[in-house]
Structures are given as C-alpha cells and as structure tokens.
Amino acid sequence: MKVSYQWLSQYVDVSGYTAEELADKLTRCGVEVDGAENRNLGVSHVVAGYVVERIKHPDADKLSVCTVDAGQGEHLQIVCGAKNVAAGQKVPVALVGARLPGDFQIKRAKLRGVESMGMICSAKELGLNDKLLPKEIQEGILVLPENTEIGASILDVLGIDDSVLELDLTPNRSDCLSMLGTAYEIGAILGRPVKLPDAQEGLAESEAPAAGSVKVTISAPEECLHYSARLIEGVTVGTSPLWLQNRLMAAGVRPINNIVDVTNFVMLEYGQPLHAFDADKIAGGHIDVRLAKPGERLVTLDGQDRELAPSMLLIADGAGTAVGIAGVMGGADSEVTGSTVRIILESAKFAGGSVRKTSKQLGLRSEASLRFEKGVNAEAVIPALDRAAALICALAGGVSAKGVVEARTLEESAVAVEISLEKVNGYLGMELSLEDVKSIFGRLNFEYTAASSGQNALLVQVPKRRGDITRDVDLIEEIARLYGYDHIPATPITGVTTPGSLTAEQRIRRSTRSLLAASGLSEVITYSFTHPGQVNRFAGRYQGVVPVSLALPMSEERSVLRTSLIPHLLDTAVYNRNRNQDDVAVYEIGKVFLSQEERLTVQPEERLLLSLLWTGSRTPLSWTGKAVKADFYDLKGVLDKWLGGLGLAAAVYRPASPKGYHPGRTAEIFLPAAQGEIYLGTIGQLHPELQREWDLDDTYIAELELDTVSRLADFSIHYRTLPRFPAVTRDLALVVGADVPVGGLTAKVKEAAGELLESVSVFDLYTGERLGADRKSAALSLTFRHPERTLTDEEIAALHTAIVGALEREYAAELRK
C-alpha cells in the first residue's frame, strides 16, 4: 500500500513530523514501512506558463519558437522541439537556473541562432512515471489544465512536493489498505483526531427512486453478504481533474477517465472496491449475484476471454448474461466508455475465500481482489458508495437517482471483547493503570464501557474496520503497540525450570545415526508411498498386511503406504549403480504402516523401523589395501556394533527363510532377556531372483524393529577403571560339524572360562575338502585378565583345558591339527 504524505494530511494532522519520521513510528508500532520515497526527483524553479505565441523556427523544420508568459513580469522566448506545443496552452516551464531530475541545469542558450530563455517540459522530464500517465500525455510536452494559475510552482500544480510511504502489511492488517485506515493508525500513534470526509457532500439526487430502475438480487448468499448499487444518470465521461490524477499517481494507479478514477480514488480512500457498469448495457437494470454455470465464459476488461468454473462468483444482468467477475474484474461488454451517460455503481462485500479462490484459478490478481481476500469493512460499503456517487456527480455532471438499492444475506454483528487490567499487566509484565489502558483505547477510537465482571475490567466495542481483533489477547497487542515496545521493561524469566531432554524416539534416532555413520553407512530418506506390488515382498512377520491406498496419489508408483523400507533402499542402490557407484552401504530410519482392513475404519498401525543395505565392496582398512566384497558378516558386524553402542547384550542369530531373502543365508535376530528372547528383526542376503530383477550383485539387507530396540536400549553411561595388569591372549582353532552355530561355540567358551575371560571373538571360518563336506573350522581369539594380579601360565593352561573339554562334550569339537 502506497500512502501519500500530502493526501494523508487531509485526514489527520501530521504537522511536526516528516514522512521519514512517520515511517519510523509506524514500523515501531508493528506496521512495517519499506521506505519513504520523495516524489520530487530534483525539480526546482519550474512554473506553470502560458504559450502566448508559437512560430516556426527560421532555421530548423522540427523546432518552434514560443513566446511564453511564465508569470515573471515579462514574456520569455523559448525554443521547443515538441510536436504538440501550441499557442493557448498551459505548460510546465523550466526557468533559467532551474534543475531537473538527473541534476540537469537549465541555462540561457542559443538553438540554431535563436535565443532560448528556458525549457518547456514533458512529464518524463519532470520525473513522472510514464507508466502512470494517461495515454494522451505520455508523449510530447505536458499540457496543464486551463484553470492552472500562471507562475504557480509545478511542484504544487502536479502535487510532486510529496513523499510516499510504502507499507509492507501483514495479512491481518487489511484495515491499512486504505488512506482512512492508515489515518486511524497514525492518529492513534500521534494521539491526534481523524477527520473523516463527508461521504454525501456534493451528492445530487433526483426525486426518482433508484429502486424503480435498478433491482438487486443475491442468488449465492454464502459468497455475497451485501450488495448495494446506485444509479447515476447524465454523466459525461472525460478526463479527471489534475488533483484526482495526482492522488492516483502518488498511489501507483494510472488515471483512465473521471468515472473509473473516482472508483479507484474511493477504493484507496475507504479500502472498499467499487465498480461502475454502463447502465444501458445491463438488461432490465437487474443485477444478480450468482455462481457461474459449467462452461460459461466472459471477456474481462483486459480483453481476455476466460473460462469460468462453477465455484466462481459472477455479476449477471436481467438476461442472465455475466457482466463481471465479482471482486476480481468487470466484463468488457458492460465497460464504461466515452459514450456512457448512465452508470450503475456497485459497492459490495464478497466472501474473501470465494474471491481468493477465483483470483487464483484465473491467475488474475487486482487491487480489488487483494482487498476482498483480506476482508473489507462492512461499515464502509454504503459510505464508500455515497462518496463515489457524490464525486461522480461533481466531476462528471451526473445526477443520482434517489436512494440506494441493496440486498443483504448476513448482518454482521459488532464484536465486543472483555479485558481485565490484571491480564494486560500479566501478559506484558508491566504495571499499567486503568487510565493508561483507557487512553490507548481512546486513541484507537475503540468505544468501551465498564465490564460487569470486575472493577478493573472493560468491555471494548471493536470497530468493524478492525477485523483482526476478536480476542482479549488482540487488544493486549494493541496496548503494547501503542504504549511502545521500547517502553516495555526487560523482565528476567522466573519460575521452576526443568532441563530439556530428548524423547525416546529422538534419542534412538540420534544414537543410531551416529553409530551407523561411524560404521561407514550413509543415511537416505525415501518416500513413505510405494507401488502396490511392493507391499508383501518383504512382509517378514507382518503376514496378511493389506496395503493402505491413498485417496489422491501422485502416481501409481506412489499410491499406497509402505510396509517395508527395503524396496526403496533397493531402488536407491540401483540408482547409484546406474551412475557407476557400485559400492553402496546405506540405511534408513522410517515408519511403515500396517493394517489388516480392506476398508479402513481405524488408523493403520505405525511402526518405526531401521533398514540397512550393503552391496559391492567394503572400504579397505588402509590406502594400500584392496577392496574386498562385502558379505553377510560385514552387515552383521555393523549391527553388533550398533547394538553394543546402545548398551544391549550380544544378539542371537537364528537361521530363517522369510520371503524375499536368500533361504540359506538369512537369520532372525533375537535379544536375550529375563522373560525370554525378544525378536528384533531379520538379516540376510537378498534372494537371487530379486537380485537379478534389480540387476544387483550380492546384496545384504537387514530390517529391525526400532521401537523395540528403543525400549530395551540403555543410554546410561557406565564407567570402569583402566586395567592395571596385562591381558593374556590365546587363539583356539576348532573343527566342528558344519551345522554347529558359531554363536553356540562362543557362548560355551564364556560359560567354561568364567569371569577371567574378558572377550572372545571369531576371526576365521574355513571349509574345504581337507576337513570333509560336513565339517568346518572356526578360529577363536580369547582374551583373559584378572583385575587384581597377573595371571600365571598354569592358570591360563587350566582355563584352556577346561574350555576345550567343554566344547568337546557339547559339540564334539576337536582341536585343529
């Protein structure tokens, strides 16, 4: 919203404050001002002059020699090159010594031998915006109205000795999309009264009632709350007076003709959009506000033929023909033209949501739609109509039919809000008195009475122009704004405080990301939607799951909610492989959605899962090392390290053959617990058929219940003293049956060794012809340590013998020779 300082001064006394100072005060009170722009770009010593005589230059075909009366006591001879200069015109004259925009100084000069004592100026040379000038004065010199006083400063004549404030309004402050609304705001800030214009001053009414010639009906009551109209006859369409053009150009609006300019002027003044129809083009004088019909079209004022949707609100005539898009733009067929003598003037309150939807669908945003979208003042509908009618009567010579023709579907009630002094001071941390609060409401022009609820409470009547105020906290904000945010004391926070903490899900996510990143895996984030064919490929223990379909899917590939994260990880691996990234180690933390219902009656169950994928080679331990193909044990090692980092005991892996996994290279993961083993998830190689389908090499995947892990995880930090005595390491190579689980061997070793065994790990597995088809060799590394002394060789030998004996009895194990 552009606010002219000169125009604003007509409604509120701003003396003593510059435009820049007003901008600063508005911004400090919550109405941001982007800047204050001076309309005078450097014009000085330019006056209005009268062309007494124009003759052809004796030595130049395109130049004229003009005798000009500039009110300086004697006529000036000025050489001019404009084609449209003529005797009898009033024109801007830059005197000798004048300055024009661009620091251009006018000097006495000779042009082709003829002396020139100044310069006759065009609008562009005076720094006026070409885009805002009426078409007839965009070229050549600027011709001023005949009643312009000779010798008057052009700054006063064109109103460019002015500054314009550019308001950057938030959506809730639609009241400041008008000069009067801004005047109320400035008046409240400065504590000065607002002078409202007399809406009916100069209104000429005939005795004939408007209702005899105009009829208004509303067929769409939810989209149109109030529609009013006046009939004005005997108008003469022409050029607007200069004062009106100056006001519009200062606000960034191009003057068109006196009728259209008045509607734009009043819209800027009251914030109420208006529209003028050629009454002779409205069949039967009947205005009907209705919704568009399917396939209906309308050519709007910009010449565009637009197809209308059934949700769009239209203005139609008695024949049912659309003559305008309500709140957005009028129709070309009912446009006011030079031959128009009778007009129907519209002022209405349309539903903001309807106008916003129509404007967005058509890609057509106007000054009118902007105001309707944010909500117009219901109390301004009739005053704005009367004000525009009075101006048209004064400027276009028309006479208004008696009265206003209107229809209403909803009478908006005034908003009354109760507020207590205790709540005001409690919210602001201040000690305001009731008189302070009353003073601020008085400056805002908010009426109030004592509330029945208490001695220090007020019942405030909120004007309809302030649609943003509906609750007591809104009034508290107004008090804070006008009292001054700078005057609110800084108050330290007091009260009981509690340390912040992470939720269980946040903690498990954060720890998992840290541990897996340390293991060399990268996190990916994929869609929660998938193809229906992917739902049961990796069902695991979720048997009988029914895919949850989306009502409005983006595509068939993303039409149901996922039940596993693995398919999207496979897509990620393929994506990278297609770009020559064959070594992929990734994971995803995300939710799956499980339901047993074909038609949902309850929300699907959401489970938080962790899925991992590893394909290609693992990174060598040093730069001299060679890449080695990743296998089952690489992924298992990552999971063991992850579980250990969460403070969980070593997991138990049991052979399994779930759908989608390699039947001989897959295991289910369990965690030992006091109440028995708890299922965590599945790890294994991708089924060979699926590897071929996705065109991948050996690929290893895992999917775990992260909610379960989160419940069991121990995030507490445990401390222990550093060992004071050395450890003793022994390696043990055993030959056992091929079906003996290595986990069983390590568990038996721990049982037989007791507390002196610090750790046991598997560092080699071997199968081959030398051992036999049903035999394998497992190499274990054992570390022993006593916390209080150094172990002797005899103690280590005894432990070794006990361990071997236990393994022989339990698994028929033999020492490898």
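Here's what I pulled together on the structure shown here.

Rules behind the numbers
- Residues numbered from 1 in each chain as written.
- Predicted model: local features only at pLDDT ≥ 70, side-chain atom pairs only at ≥ 80, totals over all residues.
- Heavy atoms only, no water.
- Helix = DSSP H or I, 4+ residues; strand = E, 2+ residues; numbered from the N terminus.
- Rg over C-alpha atoms; globule rule 2.2 N^0.38 Å.
- Buried < 20%, exposed > 50% of the residue type's maximum accessible area, 1.4 Å probe, protein only.
- Contact = heavy atoms within 4.5 Å.
- Areas by Shrake-Rupley, 256 points an atom, 1.4 Å probe, with all protein chains shown as cover.
- Lys, Arg positive; Asp, Glu negative; His and termini not counted.
- Charge placed at Lys NZ, Arg CZ, Asp CG, Glu CD.
- Patch = residues over 30% accessible without salt bridge, like charges linked within 9 Å, V, L, I, M, F, W, Y side chains within 5 Å.
- Salt bridge = Lys/Arg side-chain N within 4 Å of Asp/Glu carboxyl O.
- Pairing = 2+ DSSP bridges.
- Arc of directions from axis to C-beta.
- Phe/Tyr/Trp six-rings, centres within 6.5 Å; stacked < 30°, edge-to-face > 60°.
- Lys NZ or Arg CZ within 6 Å of the ring centre and 35° of its normal.

1. Structural notes on the overall build of the protein chain
- Scanning the protein chain from terminus to terminus reveals 19 helices and 42 strands.
- In terms of C-alpha radius of gyration, the protein chain reaches 43 Å, well past the compact-globule figure of 28 Å for 817 residues.
- By its C-alpha atoms, the protein chain is 130 × 75 × 60 Å across when sized along the principal axes.
- By the burial criterion, 49% of the 817 residues in the protein chain qualify as buried.
- Restricting the contact set of the protein chain to residue pairs at least 6 apart, pairs at least 24 apart contribute 69%.
- As displayed, the protein chain has an accessible area near 40,600 Å², and 49% of this comes from carbon and sulfur atoms.
- Distance between charge centres in the protein chain, computed from 84 positive and 107 negative side chains, equals 4 Å.

2. Brief notes about a negative patch on the surface
- On the surface, a cluster of negative charge is contributed by Glu32, Asp34, Glu37, Glu166 and Asp168.
- Mapping Glu32 onto the fold places it in the loop between α2 (19-28) and β2 (33-38).

3. Describing the pairing of strand β38 (residues 699-705)
- Within β38, seven of the seven residues are buried, which leaves it mostly tucked inside the rest of the structure.
- As defined by bridge partners, strand β32 (residues 605-615) adjoins β38 across seven bridges and the pair is classed as antiparallel. Bridged to Leu612 within β38 is Ala702.
- Relative to β38, strand β37 (residues 678-686) runs antiparallel, the two sharing five bridges. Each bridged residue has a counterpart across the sheet, and for Gly684 the counterpart in β38 is Ile701.

4. Re helix α10 (residues 421-428)
- All of the buried residues in α10 are Leu421, Val424, Asn425 and Leu428. In an axial view of α10, the angular spread of the buried residues amounts to 90°, which keeps them on one side of the axis. In α10, those exposed residues whose orientation departs by more than 90 degrees from the buried face are Glu422, Gly426 and Tyr427.
- Tucked inside the fold, the buried residues of α10 contact β25 (415-420), α11 (434-443) and α12 (472-483).
- Just downstream of α10 lies Gly429, where phi reads positive at about 65°.

5. Quick notes on the packing of aromatic side chains
- If you walk through the whole model with that rule in mind, you get nine aromatic pairs.
- Measuring from centroid to centroid gives 6.1 Å for Phe538 and Tyr661, while their planes differ by 90°, and the two rings are edge-to-face. Of the two residues, Phe538 is situated in the loop between β29 (529-530) and β30 (560-561) and Tyr661 in strand β36 (residues 661-671); the sequence distance between them amounts to 123 residues.
- Residue Phe538 is classed as buried on the basis of its relative accessible area of 3%.
- Plain terms: the ring middles of Phe632 and Tyr633 are 5.4 Å apart, the flat faces sit at 80° to each other, and that makes the pair edge-to-face.
- Here a set of aromatic residues connected by ring pairs shows up, and it is made of Trp7, Trp243 and Phe265.
- The ring of Tyr184 has Arg465 lying over it, and the distance from NZ or CZ to the ring centre is 3.7 Å.

Fair warning: the whole summary comes from geometry, so function is off the table for now.
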